[in-house]
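# Structural features, examined
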Amino acid sequence: MKVILRNQGREVELAGRRRVKDLLAELGVLPETVLVIRGRDLLTIDEVIREDDVIELRPVISGGRA
Amino acid sequence: MKCRKCGGRAVLELRRHNTAFCAGDFLDFFRHQTLETIRRWKMLSRDEPVLVAVSGGKDSLALWDVLLEAGYTTAGLYIDLGIFDYSRESKARCQAFAAGRDARLIVVSVAEEVGAGIPQVKDVTRRPTCSACGLSKRYIMNRAALDHGFGVVATGHNLDDEAATLLGSTLRWDESSLARQTPVLEVTHPKLARRIKPLFRLSERETAAYAFLRGIDYIVEECPFARGATSISHKEVLNRLEDVSPGSKASFLLGFLERARPRFQAGESVDLRECLRCGQTTTGEVCAFCKLADQVRRAAPRSAVPLGSAALEPTDPAPLRGLAADLSAASEIHAS
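Criteria and cut-off values
- Every residue gets a number counted from 1 within its own chain, in the order that chain's sequence is written.
- Just so you know, chain letters begin at A and ligand numbers begin at 1, following the order they were written in.
- Given that the model is predicted, a residue must reach a pLDDT of at least 70 before its local features are reported, and side-chain atom pairs must reach 80 or more before they are shown or counted; all residues, however, enter totals for whole chains, interfaces and linings.
- Helix and strand labels come from DSSP, where a helix needs a run of H or I of at least four residues and a strand needs a run of E of at least two; each type is numbered from the N terminus.
- Here the radius of gyration uses the C-alpha set of atoms, whereas the globule reference equals 2.2 Å times the residue count to the power 0.38.
- Here a residue counts as buried when 20 or more other C-beta atoms fall within 10 Å of its C-beta, as exposed when 12 or fewer do, and as partly exposed in between; the C-beta atoms come from the backbone.
- C-beta atoms are first placed from the backbone for all residues, and any pair lying within 7 Å is then listed as a contact.
- A set of buried residues drawn from Ala, Val, Leu, Ile, Met, Phe, Trp, Tyr and Cys, joined through C-beta atoms within 7 Å, is what defines a nonpolar core.
- Under this scheme, a helix contributes an axis fitted over its contacting stretch, all axes are lines through C-alpha atoms, and angles between N-to-C directions fall in the 0 to 180 degree range.
- The hand of a helix crossing depends on one turn: near helix anticlockwise from the far one by less than a right angle means left-handed, and clockwise means right-handed.
- Residue polarity is assigned by list, with Asp, Glu, Lys and Arg as charged and Ala, Val, Leu, Ile, Met, Phe, Trp, Tyr, Cys and Pro as nonpolar; anything else, Gly included, falls into the polar class.

To continue, consider the overall build of chain A. For chain A, the count of helices and strands is one helix and seven strands. Beginning at the N terminus, the succession of helices and strands in chain A can be written as β-β-β-α-β-β-β-β. Over its C-alpha atoms chain A spans a radius of gyration of 12 Å, differing by no more than 12% from the 11 Å that the globule rule assigns to 66 residues. Expressed as lengths along the three principal axes of its C-alpha atoms, the size of chain A is roughly 45 × 25 × 25 Å. Taken across its 66 residues, chain A has 32% of its residues classed as buried. Of the contacts formed within chain A by residues at least 6 apart in sequence, a portion of 61% connects residues at least 24 apart.

This is the structure in C-alpha cells:
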C-alpha cells in the first residue's frame, strides 16, 4: 500500500494488508490527529487497508495562538 | 464499525462518545452539536446577522457552511495576513467557498491596515508572530463588524483550540486569561461586537471530517509561522491524554467553564475606554493596534511600505516601550 503523509510531504510504501489502527501505530501517529482517507472515503480505525490501496493521512491539527 | 444510528458502514469513530457514524448521520450530528451550542449558550438569535471570520481552513469554513445551511444571515470576513503563498491560497479558498454559495465575503488586508503584512510585522516587533497576528485579527474583526453593521462575530475555534488555550493559561496560572476564556465574549462596551465560538464542543478531527465529507476545499497546509508554536505542543500533549483516556479534552474544558471559571471571573474587572487615535477599545490611551502600526511605520522606509489608515493617523510621540504589555492586554480583552 502507498501511504501519503500530507504536510510531511512524504510517501511510504508498505507491504501486506493491515488495519488502520495498526498502520497508525506503526507510523507513530495518534488516531485523534489525522483523517484516514481512501479516495473519497473516510476510514475508521478498524477498517482493513488492502495491499493495493492508496491512503492519505491528513493532519487535523492547526494552530498558532490567535 | 457500524453507524450507531442507521447500522450502515461508519466513516468516523468518536471515541469520547463511544460511538461511530456513517457520513450522513455524522453530518447531522455535527450540525446538531453546533446549533445546539448556539442555542444553549445564547450565542445568536435566529434573525441576528453574524459576521463569520474565515481563514480558508477547515474550522471556519465548516462553521460558515453550517450557519448558511441553517439559514442564518451571514457574511464572511477574510483577513489577508500577507503571508506569501499561504495567504494567497487561503484567500482563494474563501473566495471560491463564498462564490459557490452566493455568500458575501468581506476582505480586509493587514498590510493596508497596519502598514505591512505579518512577516514584516514579525521582524519589526520581535514578538512571537502569533501574538502580533492575533492582535491584528482581533482588532480587524471587531472593527469590520462595527463598520459593516454586525453585532456578532463568529470564529471557528474548536474544542482542541480551546482546551489548548486553557492548558497554556493554567500552566502559567494566568488568572486574567482564565477569567476571560469563554465561548461567548459578551459586549462590555458599545464598540465591542459579541464574539462567539459555536464549534467549541467539537474536536478538530470532527471539523476536519465535516469539511471533508461536505466537499469543502479548505487549506490543509499549516501557516508557516505556526510551526513550533506553543499551542501546537499543548495540543499534542492533550491528544496523548485523549488517546489513553477519551473525553479528557472535553472534560477539561467543559469542567473549567462550568465550575472553575466563575471563581476567576469574580475578581476580574477591566476599565475599557476608546483609543484616542482610532476609537476602538483599549485599556490605555492609545490601543495596541495603533502602536503596532506606529512601530511598523517607523521601522520601514516610507517608500517601501503601503501605509494604511491606522498608520496614517498622527503618530504618538511616546516611545513604544509599553507595546509588549499592550499586546498582552489586548489579547486578554479580546481573548479567544
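Moving on to the overall build of chain B. Across its full length, chain B holds 14 helices and 10 strands. Sorting the 336 residues of chain B into buried and exposed places 48% on the buried side.

To continue, consider the nonpolar core. Within the largest apolar cluster, 99 residues are counted, with the highest numbers of intra-cluster contacts made by Phe 26, Leu 51, Val 52 and Leu 77 of chain B. The element contributing the most residues to this core is helix H6 (residues 129-147) of chain B, with nine residues.

Residue and element names in this part refer to chain B. The contact between helix H2 (residues 58-69) and helix H9 (residues 204-213) brings their axes to 9 Å, and the two run at 60 degrees. For the element pair H2 and H9, the recorded crossing hand is left-handed. Taking contact as the criterion, the partners of Lys 58, Asp 59, Leu 61 and Ala 62 in H2 are, on H9, Thr 207, Ala 208, Tyr 210 and Ala 211. Partitioned by chemical class, the residues of the contact of H2 with H9 number five nonpolar, one polar and two charged.

Our focus in this paragraph is the interface of chain A and chain B. The partner chain B presents 32 residues to the 19 residues of chain A that form the contact. Residues of the side of chain A that touches chain B, tallied by class, amount to seven nonpolar, six polar and six charged.

Let us look at unusual backbone geometry. All names here are of chain B. Although it is not a glycine, Asp 102 sits at a positive phi angle of roughly 55 degrees. Mapped onto the secondary structure, Asp 102 falls in the loop between helix H3 (84-100) and strand S5 (105-109). According to the C-beta neighbour criterion, Asp 102 is exposed, with 7 such atoms within 10 Å. For Trp 173, which is not a glycine, the phi torsion comes out positive at approximately 45 degrees.

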